[in-house]
Amino acid sequence: MSVPTEKRDLAWVQESLRAAVELEMSTIPPYLYAAWSIDQAQDPSSCADTIRGIAVEEMLHLAIAANLLTAVRGKPDFVHAAPSAYPTQLPTHIHEGLVVDLASLSKDVLLKTFMVIEEPMAHLVDDDLFTPTGAHLIGQFYADVFDTLAALKPTFSTAGQVDLTAVPITGAQKLTITTIDEARTAIELITHQGEGTATAPFDNADNPPELAHFYKFAQIAHGAELTPTKPFSYTGNAIQMPVVRDVTPAPADLPAGKAFDLAYSRLLSALQDVWDGKGDLSDAMFGAMPDLATQAEALFTAGHGPAFRVVDANGNPIGPPPGGSRFARVIQILDNALGSAPAHTHGAFWRGLTRDQFVAKVVLAKPLLAIGDGAGSNLVKALRGQSPFGKDQGVPGATIFRMPKNLPPASDIDIDFIESWIDDGCPDAPSVDATTTVSLTTGAFRPDPADHVAYFRDLDDWAAWHATPDTVDKINTVQGANLLWLDYAIDATHEQAWVDAISTDTARAAFTALAQRQQQTVEAHYGIPVPLLTLLDGYERFGNDGLPDDPLRPSEPRHNMDSPVMWFLLGAFAEACVRLRIAAEFWTFFQRPILCGLLNDGLFRADRFSVTGFPSTAEGRADVFAFVQQVADADLAGEIRSRYAASGLGAG
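Conventions adopted
- Residues numbered from 1 in each chain as written.
- Predicted model: local features only at pLDDT ≥ 70, side-chain atom pairs only at ≥ 80, totals over all residues.
- Heavy atoms only, no water.
- Salt bridge = Lys/Arg side-chain N within 4 Å of Asp/Glu carboxyl O.
- Helix = DSSP H or I, 4+ residues; strand = E, 2+ residues; numbered from the N terminus.
- Buried < 20%, exposed > 50% of the residue type's maximum accessible area, 1.4 Å probe, protein only.
- Expected span 1.5 Å × (residues − 1).
- Polar contact = N/O pair within 3.5 Å; in protein donor to acceptor, adjacent residues only side chain to side chain.
- Contact = heavy atoms within 4.5 Å.

Trainee: Would you mind showing me how to read the pattern of salt bridges here?
Mentor: It is possible for side chains of opposite charge to pair when their charged atoms get near one another. Under the counting rule described, the total for this entry stands at 21 salt bridges. Of the charged contacts in the structure, one is a salt bridge between Arg52 and Asp49, with a shortest N-O distance of 2.3 Å. Taken together, the residues span about one helical turn, with Arg52 and Asp49 both in helix H2 (residues 47-71) at a distance of three residues. A salt bridge links Asp549 to Arg558, with the nearest nitrogen and oxygen atoms 2.6 Å apart. With a relative accessible area of 29%, Arg558 lands in the partly exposed category. The network of salt bridges with shared partners includes Glu495, Glu575, Arg579 and Arg641.

Trainee: Mind showing me how you'd approach helix H19 (residues 532-543) here?
Mentor: Each full turn of the α-helix corresponds to 3.6 residues, which orients residues three or four apart in the same direction. In this model, H19 (12 residues) spans 16 Å end to end at C-alpha, consistent with the 16 Å of a helix rising 1.5 Å per residue. The buried count for H19 comes to 12 of 12 residues, which makes it a mostly enclosed element. Those residues of H19 that sit buried are Leu532, Leu533, Thr534, Leu535, Leu536, Asp537, Gly538, Tyr539, Glu540, Arg541, Phe542 and Gly543. Looking one or two places after H19, you find Asp545, whose phi comes out positive at around 60°.

Trainee: I tried to follow the environment of Pro306 on my own but got confused; where do I start?
Mentor: By the secondary structure assignment, Pro306 is in the loop between helix H10 (289-301) and helix H11 (326-338). A relative accessible area of 1% means that Pro306 is categorised as buried. Along the sequence, Pro306 and Ala256 sit 50 residues apart, while their C-alpha atoms lie 8.8 Å from each other.

Trainee: Please explain the side chain of Ser37 as it appears in this structure.
Mentor: Secondary-structure assignment places Ser37 in the loop between helix H1 (10-36) and H2. A polar contact is formed between the side chain of Ser37 and the backbone oxygen of Ala34, at a distance of 2.7 Å. Ignoring anything within four residues of it in the chain, the contact list for Ser37 reads Ser104, Leu105, Val243, Val244, Arg245 and Phe300.

Function-wise, these values are silent; they only describe arrangement.
Structure (structure tokens):
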């Protein structure tokens, strides 16, 4: 929330509400873990029911945050919003430095984690056990969001919002957002349930009044109920701390732990389906809870707790999506390199660290980073296997194994990203007001074509002319999988064969790395958010061979698509990224320039492939430019497939 008030725009609101979804996703697993850790037979004050009730209200807050984001034309991503592993920290500088972990219920957990998370802006009760933190609080975060919405007065979209009437705890409220007053009501429900009002520790004035989360946790910590009238104090009826099973989260290789992780991840996918218009909220959010609780009980009985790892259908870890903060991307690279394997000696030291803590980190008595000198940083040397690392590879003078030890190395593309980030001073950028990936309405309609030439030259440079062996290997992996897309585009019965091919661990890693590099190239040349009109202009000219010669590449000055089928393989790449949820917003958007380019290629370059529906004239070119902006997001992939089926390229 460090963006000055006067610079907060709708992009800032969207990114803040994405952070709100992450925030609510971060708190639910620790609350459930603590509730499930309680021995039900030795819980005389029903503390487990209290904490489970708080977790259920957090699920409602999650749904409200998703509707708010959808109302301002953002899209929630539940799978990637959930922490990929615990311990974690809350997003967007809320309670900066607070480490949130999975732990059995204890007085310490209540006072130092749960009450800190729910800390109210107004402290209404004298409490000798809890000291106000002075941190940026959840209530202030949501107040900032509402104040910005009130100032901007946006038109709210109902498309994609989910009616919450059927959720039992909403009091039959829809909680869909169509006006600023409805936004206020929704945000106040979140803050009042969490911290109470500015004048009372209750989230409502019903008879009996309902305490806010902070005070419910405090009652358990104090061992007494809060008195219902002023002066409020924890001197009411006694509350007995229950007996708990004090265990740690299950290791990744424990079968029961794997089963829980799969069930939890299916719940996240089911939530995604609901906001994608394909599921029922009550079933997705609450229908799965009894099964999760049963699996959690089996784990606790066996001496472990659930780890809440986010995994794919094969049980492989899913990290945060590419894009967003560069520091977050560095953490993702390290997480992906380690996977579910145990870390050696130093542990997964990066998890739960802020950017500043990470930059200052010392590992094995060596500073991790040399800011401004990526190649000279021990992190980069460890990942590349350069002295003093690489003992296992016979590197002269090396005394330490290459990292990650006894596992496949990180890709050159990923290590290059980390090295570049260190060279640039380790920024935690882009900032919150600049992380919206794309813009459908901005950009120069006809910018200097030299800008496009520089972009395509850069693209060619890393993907072809100076491609590393690792990049070539990943391109070959991706193209091999996407050849099956060509069959699918002609005959839908081949869809599963293509989906299976892109879903292997090797293919997913290749798609992820290349998608990240391509997106970085686009953003480096066109900025963030990527302006659609400018990119359409570039791909229109690239498609119809209308770019000027490249003065820096006299041996091959033209920038155009070599083989016609490459347009469709590029379309297959974009569709695969969307299906695999790799920067899905960006790659959905990027299908528009691809479609624009391939239509122009077929219309204006002789004897390439067939395009119907547009004349090969200046008017036809303008019609294509307008058409690709009007296709619905959900129809873009199908449009590209149908264009391949009608192109004549697949004949015979």
